[in-house]
Amino acid sequence: MAFGLGAIQGWLSEARTAFNAAADRLDELDAAIGDGDHGSNMARGLEAAATMDYATCNTPPAAIKQIGMTLLGTIGGAAGTLYGTFFLTLAAQWPSQLNTPRLAALFRAARDAVQSRGRAEVGDKTMVDPLDAAVKAMEAADPEAPLAESLESAVLAAREARDATRDMVAKRGRAALLGERTVGHIDPGAESMTMVLELCLRHLSD
Ligand code: ADP
Ligand code: MG
Ligand code: MG
């Protein structure tokens, strides 16, 4: 498939707009079960990443690595380390050619890295939940399926997993301090990870 620096710039520019628009909503989700800064954190990170100069990045993994480093340094909080890890792993594992099985393996590596960094299991009410659901959907997709189709099923699975965090008790991060009181609220990181995956669907198709 054709996937180059242009697609990454497109992804970044849309991510900047999307996270800017979602900042208040994500802050409100985080205010219910955390400290109310997740939307501002993400908007600040994507603003920094989208306004950087990528002139010296000649390949997609080089650009994705720079995105990861920038997010690591600007989002802050728990999510900054985890999204930094997520993008740095995508950069490190980026395949020379993308197809459905390679995409599944790529996102599995990113999920594993986020889990090994944050120690969250599936069902702990974190960003890992939609990411894990997306990986499993990609792995279940027909290996011959066009990327757009497997990504579509990944996004549908991620949305369901995000919605399912509403009924869960948070076991990781700041929200874990509230325990049972987190039931009834969608996890803000599950919402932002679903947005990240939705943006990939729009820019990573064949
Ligand atoms: P902070 O909690 O430091 O203010 P943010 O509000 O930006 O950071 O991010 C909170 C989100 O990060 C949570 O909604 C959750 O999805 C995710 N998160 C926090 N800790 C972990 C962890 N250990 N593993 C996976 N995700 C986590
Ligand atoms: Mg927070
Ligand atoms: Mg915070």
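Structure's up top.
Reading the values: rules and limits
- Residues numbered from 1 in each chain as written.
- Chains lettered and ligands numbered in written order.
- Predicted model: local features only at pLDDT ≥ 70, side-chain atom pairs only at ≥ 80, totals over all residues.
- Near = placed C-beta within 6 Å.
- Helix = DSSP H or I, 4+ residues; strand = E, 2+ residues; numbered from the N terminus.
- Nonpolar A, V, L, I, M, F, W, Y, C, P; charged D, E, K, R; others polar.
- Buried ≥ 20, exposed ≤ 12 C-beta atoms within 10 Å, placed from the backbone.
- Contact = placed C-beta atoms within 7 Å.

> Is there a simple way to think about the site of ligand 1 in this case?
By nearness alone, 23 residues border ligand 1, and Gly77, Gly118, Thr126, Gly173 and Gly189 come closest of all. Where the shell around ligand 1 is concerned, the elements lending two or more residues are helix 2 (38–50), helix 4 (77–93) and helix 8 (188–203). In terms of residue count, helix 4 provides more of the shell around ligand 1 than any other element does, four residues in total. In terms of residue class, the shell around ligand 1 is made up of eight nonpolar, eight polar and seven charged.

> Can you walk me through unusual backbone geometry in this structure?
Note on backbone geometry: most residues besides glycine have negative phi, and most peptide bonds are trans. Positive phi outside glycine occurs at Arg119, with the angle close to 60 degrees. Mapped onto the secondary structure, Arg119 falls in the loop between helix 5 (100–118) and helix 6 (128–140). Owing to 12 C-beta atoms within 10 Å, Arg119 belongs among the exposed residues under this scheme. We note that Lys125 has phi near 70 degrees; this positive angle belongs to a residue other than glycine. On the secondary structure map, Lys125 appears in the loop between helix 5 and helix 6.

> When you look at the environment of Arg117 in this model, what are you seeing that I'm missing?
Along the chain, Arg117 turns up in helix 5. Put simply, Arg117 and Lys136 are 19 residues apart on the chain and 20 Å apart in space, counted from C-alpha to C-alpha. Here Arg117 is in contact with Thr81, Leu82 and Thr85, once residues within four sequence places are set aside.

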